[in-house]
Amino acid sequence: MRARTPLAAAALLLLAGCGGAPSAEPAPAPGSAPPTSGAAASTAPGSGSTGTTVGDFAVEPPGPLRGSTLEGPDMLVYSQDSLSEDMVERIAALEGVDAVESLAMAQVPVEDRVINLAAVDPATYRRFVPDRASARLLEAWKRVAAGEIAVLPEMKKKIPMDDQGFLSLGNATEAPKAHVGAYVAQVPQVDAVVNEKWRDVLEMKPGNALLVSADITAPQALRKPIQRIAGEDASVQILGPDLDTSVQQTAFLVGSVADAVGTFNYTVLGGGRIAPDPAWVAEHIRTEPVPILGSVTCNKAIFPQLRAALQEVVDRGLAAEINPDEYAGCYYPRFIAGSTKLSNHSFGLALDFNVPGNLRGTVGEMDRTVVSIFKKWGFGWGGDWRYTDPMHFEMVAIVEPRT
């Protein structure tokens, strides 16, 4: 009996929808069929994941991958701003550069983590995926073209889909939702991809990232000439299984509070900590007094709502329900423990209250009236997450207190 090739095996897994975490696997919504090719795969912001399709997020479906795939990208250029056509052309023309691919990249908060999301052309991006079976798995990329999201296989148990297979792209109630269409390998430093029609909905910066594949030239030799073209504010990193901690990184948050938060570059320190650009810290991070807690250090955007929420807690006689001695901070620039994924605390938008009685995976002891007050003032609560974090509150919407 002839042995199956890896490509054939992956295709069978896609068609059969078996369990486990293969290199490529479909993710049809439990109890419902995934959107058909050419149909949008999202719900209207705030409408809930009922499977009702609103708008059209479909693009032209890709055909079979012609020619050989690349070995994968060697470098990623990532900027706060769009890279101009001239920049891209000049990088592509450098001696030693074999191919480039423009895409939009941003960080999207999904419960307790921030995932790296890319908006791509599925027909051309797939050439850069190092896993060749995944790159050639046409059905997975057709689903991305149809408006679905494709996610790394290792994130299968970490993303909080609803019972219809939709993933909320953000922690706000009205955040847009995408149907998970496939679990498939991605390029390094990318956790999930959607097609380019999602860019405007998510307010991603078009063309702010560039994949670079080198020929036989070592990527280390290309870093300086690419940096000169892209500018000093761009992150030019060599891709591998781990984050290139020798260069600055870029945090570009999308969502309802993104404009208030700002975008920043950062360098990686030891122990899972990061050092955001001092100019961003000076502009956005403040230490100010608030009711109950005293002085706290957070993003300046949070203070009007935080004060309003805490003052309402006081006015309703519930101040004793928040213990200042059990407050665990707001601005804490770091990665999620054991990973290179940014924590929401890195942006100064999250606070942890009453830590001892509100540990991960428990229902917690937070007073539910206090929770409702914070929700009224634009905060999401970790107690609502699939894997609960009842100590955690984060700003997810702008609410302007009346003066």
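For the structure itself, consult the block above.
These numbers were taken from a predicted model, which means no experiment stands behind them.

Rules used in this analysis
- Residues numbered from 1 in each chain as written.
- Predicted model: local features only at pLDDT ≥ 70, side-chain atom pairs only at ≥ 80, totals over all residues.
- Heavy atoms only, no water.
- Helix = DSSP H or I, 4+ residues; strand = E, 2+ residues; numbered from the N terminus.
- Contact = heavy atoms within 4.5 Å.
- Areas by Shrake-Rupley, 256 points an atom, 1.4 Å probe, with all protein chains shown as cover.
- Disulfide = S-S within 2.5 Å.
- Core = buried A, V, L, I, M, F, W, Y, C linked by side-chain atoms within 4.5 Å.
- Buried < 20%, exposed > 50% of the residue type's maximum accessible area, 1.4 Å probe, protein only.
- Axes fitted to C-alpha atoms, helices over the stretch in contact; angles between N-to-C directions.
- Parallel < 35°, antiparallel > 145°, perpendicular 65-115°, else oblique.
- Left-handed = near helix turned anticlockwise from the far one by under 90°.
- Nonpolar A, V, L, I, M, F, W, Y, C, P; charged D, E, K, R; others polar.
- Pairing = 2+ DSSP bridges.

**Q** Describe the overall build of the chain, naming the residues involved and giving the relevant values.
**A** From N to C terminus, the chain includes 11 helices and 19 strands. Expressed as a percentage of contacts within the chain between residues at least 6 apart in sequence, the contacts between residues at least 24 apart total 69%. Here the chain has roughly 17,400 Å² of accessible surface; of this, 52% comes from carbon and sulfur atoms.

**Q** I'd love a proper account of unusual backbone geometry, names of residues and values included.
**A** Despite not being glycine, Gln189 has its phi angle at roughly 75 degrees, a positive value. Its identity is not glycine, yet Ile292 carries a phi of approximately 70 degrees, on the positive side. Within the secondary structure, Ile292 sits in the loop between strand 15 (285-290) and strand 16 (294-299).

**Q** Give me the lowdown on the state of the cysteines, citing residues and values where you can.
**A** Summed over all chains, the structure comprises 1 disulfide. Each sulfur of the disulfide joining Cys298 and Cys330 lies 2.3 Å from the other. Handedness here is read from the sign of the S-S torsion; for Cys298 and Cys330, about 135 degrees, the answer is right-handed. Taken together, the residues span a long stretch of sequence, with Cys298 in strand 16 and Cys330 in the loop between helix 10 (303-315) and strand 17 (350-352) at a distance of 32 residues.

**Q** Run through the nonpolar core, naming residues and quoting values.
**A** Counting residues in hydrophobic clusters, the biggest one holds 52 residues, and the most contacted among them are Tyr125, Ile149 and Val193. Examining the composition of this core, we find that 7 residues originate from one element, strand 4 (residues 97-110), more than from any other. With residues near it in sequence (within four places) discarded, Tyr125 still touches Glu101, Val120, Trp141, Gln186, Val187, Val190, Val193 and Leu211. Judged by nonpolar contacts, the second largest core, of 44 residues, contains Ile285, Ala301, Leu306 and Leu310.

**Q** An account of the packing of helix 2 (residues 85-92) against helix 7 (residues 219-230) is requested, with residue identities and associated values reported.
**A** One way to put it is that helix 2 packs onto helix 7 with a least axis distance of 9 Å and a crossing angle of 165 degrees. The angle between the axes of helix 2 and helix 7 places the two elements in the roughly antiparallel class. Handedness of the crossing formed by helix 2 with helix 7: right-handed. Contacts from Met87, Arg90 and Ile91 in helix 2 reach Ile226, Ile229 and Ala230 in helix 7.

**Q** How would you summarise the packing of helix 10 against helix 11 (residues 368-376) if you had to cite specific residues and measurements?
**A** Here helix 10 crosses helix 11 at 150 degrees, and the two axes come no closer than 9 Å. Viewed along their axes, helix 10 and helix 11 adopt a mutual orientation that is roughly antiparallel. With respect to the hand of their crossing, helix 10 and helix 11 are arranged in right-handed fashion. Residue-level inspection shows Leu306, Ala309, Leu310, Glu312 and Val313 of helix 10 in contact with helix 11, the latter providing Val370, Ile373, Phe374 and Lys376. Its residues assigned to classes, the contact of helix 10 with helix 11 comprises 7 nonpolar, no polar and 2 charged.

**Q** Report on the sheet that holds strand 17, specifying residues and quantitative values.
**A** A sheet is described by the order of its strands in space; here 3 strands give the open sequence 17-19-18, paired in antiparallel fashion. What marks the edges here is a single partner per strand, and that holds for strand 17 and strand 18 (379-381). For this sheet, the mean inter-axis angle between neighbouring strands, taken without regard to orientation, is 25 degrees. Sitting on the sheet, helix 11 is in contact with strand 18 and strand 19 (392-395), with an inclination near 140 degrees to strand 18.

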